[in-house]
Amino acid sequence: MSKIRTATCSCKLVTLTCKGEPIRTSACHCFECQKRTGSVFGVQARFYKEQVSIEGDVSSYTRVADSGNEVSYNFCPSCGTTLLLKLSAAPGHSIIPLGIFSEQDFPAPTFSVYEERKHGWVAFDCEVEHYD
């Protein structure tokens, strides 16, 4: 039987259900993830699009990333919680912030990007691939 994980926004009007294991978990230190989270980096799980279902209405915002690709954010129109990110460079994937999941059994990040923007005091005690 496939693992099922549930993620919700702060006001619980939107629920995501993810079936199976994520492709990977990652940390992103880009300025936009810092703004999106209000923290020094974002941590998210990447799933195949067909593993994720959404219940409830979401609003979206799309921006152009440093790479020139589009990044779309789906968020709750009531409380503003970011629920899902979509990358034009990876149309078959859904990226979900780890902090919105009820379960806390995700593997440690194996991938860390935009490390040139990483705060100097941030360090991981797990093995990760590092990308500037």
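Before reading further, recall that the structure is shown in the block above.
To start, this report covers the structure provided alongside it. If you're wondering where the values come from, they're calculated on a predicted model, not measured in any experiment.

Details of the overall build of the protein chain
In terms of helices and strands, the protein chain carries one helix and 11 strands. When the helices and strands of the protein chain are placed in sequence order, the string is β-β-β-α-β-β-β-β-β-β-β-β. For the protein chain, the proportion of its 132 residues judged to be buried stands at 42%. In the protein chain, once contacts between residues fewer than 6 apart in sequence are set aside, the share between residues at least 24 apart is 52%. Of the roughly 7500 Å² that the protein chain leaves accessible, carbon and sulfur atoms contribute 50%.

Focus: unusual backbone geometry
Of all residues except glycine, most have a negative phi; of all peptide bonds, most are trans. Of note, the phi angle at K12 is positive, near 70°, even though the residue is not glycine. Looking at where K12 falls in the secondary structure, it is placed in the loop between β1 (4–8) and β2 (15–19).

Remarks on the pattern of salt bridges
By the definition in use, this model includes four salt bridges. Where R5 meets E21, a salt bridge forms, and the shortest distance between an N and an O atom there is 3.2 Å. Placement of the pair is R5 in strand β1 and E21 in the loop between β2 and β3 (24–28), with a sequence separation of 16 residues. For R5, a relative accessible area of 2% translates into the label buried. Between D105 and R5 there is a salt bridge, with its nearest N and O atoms 2.9 Å apart. You can see D105 sitting in the loop between β9 (90–97) and β10 (111–113) and its partner R5 sitting in strand β1, a full 100 residues away along the chain.

Concerning the environment of V64
Along the chain, V64 falls in strand β6 (residues 59–64). Between the C-alpha atom of V64 and that of S88, which follows or precedes it by 24 residues, the distance is 9.7 Å.

Observations concerning the packing of aromatic side chains
What the rule picks out here adds up to three aromatic pairs. Ring centres of Y61 and Y73 lie 6.0 Å apart, and the angle between their planes is 20°; this geometry places the pair in the stacked category. Taken together, the residues span a long stretch of sequence, with Y61 in strand β6 and Y73 in strand β7 (residues 70–75) at a distance of 12 residues. Y61 sits in the partly exposed class, given a relative accessible area of 47%. Take Y73: its relative accessible area is 8%, and that puts it in the buried class. Here the aromatic rings of F101 and F106 are separated by 4.7 Å at their centres, their planes lie at 55°, and the arrangement is tilted. Like F106, F101 is buried. Among the aromatic side chains, those forming a connected cluster through ring pairs are F47, F101 and F106. The aromatic ring of F111 is capped on one face by R24, whose charged end is 3.9 Å from the ring centroid.

The rules behind each value
In this numbering scheme, every chain counts its residues from 1 along its sequence in written order. Given that this is a predicted model, residues contribute local features only at a pLDDT of at least 70 and side-chain atom pairs are listed and counted only at 80 or more, while totals for whole chains, interfaces and linings are drawn from all residues. The side-chain figures draw on all heavy atoms in the structure; neither hydrogens nor water molecules are used. The helix and strand labels rest on DSSP assignments: H or I over at least four residues marks a helix, E over at least two residues marks a strand, and numbering proceeds from the N terminus. Accessible area is worked out with a 1.4 Å probe on protein chains only. A residue is then buried under 20% of its type maximum, exposed over 50%, and partly exposed in between. Contacts between residues were defined by any pair of non-hydrogen atoms, one from each residue, lying within 4.5 Å. Areas reported as accessible are Shrake-Rupley estimates using a 1.4 Å probe. Residue values count occlusion only from the protein chains shown. Counted as salt bridges are all cases of a side-chain nitrogen of Lys or Arg within 4 Å of a carboxyl oxygen of Asp or Glu. Pairing of aromatic side chains requires ring centres within 6.5 Å, counting the rings of Phe and Tyr and the six-membered ring of Trp. Pairs whose planes differ by under 30 degrees are stacked, by over 60 edge-to-face, and all others tilted. The rule is short: NZ of Lys or CZ of Arg within 6 Å of the ring centre and within 35 degrees of the ring normal puts a charge over the ring.

Geometric values such as these leave the question of function open.
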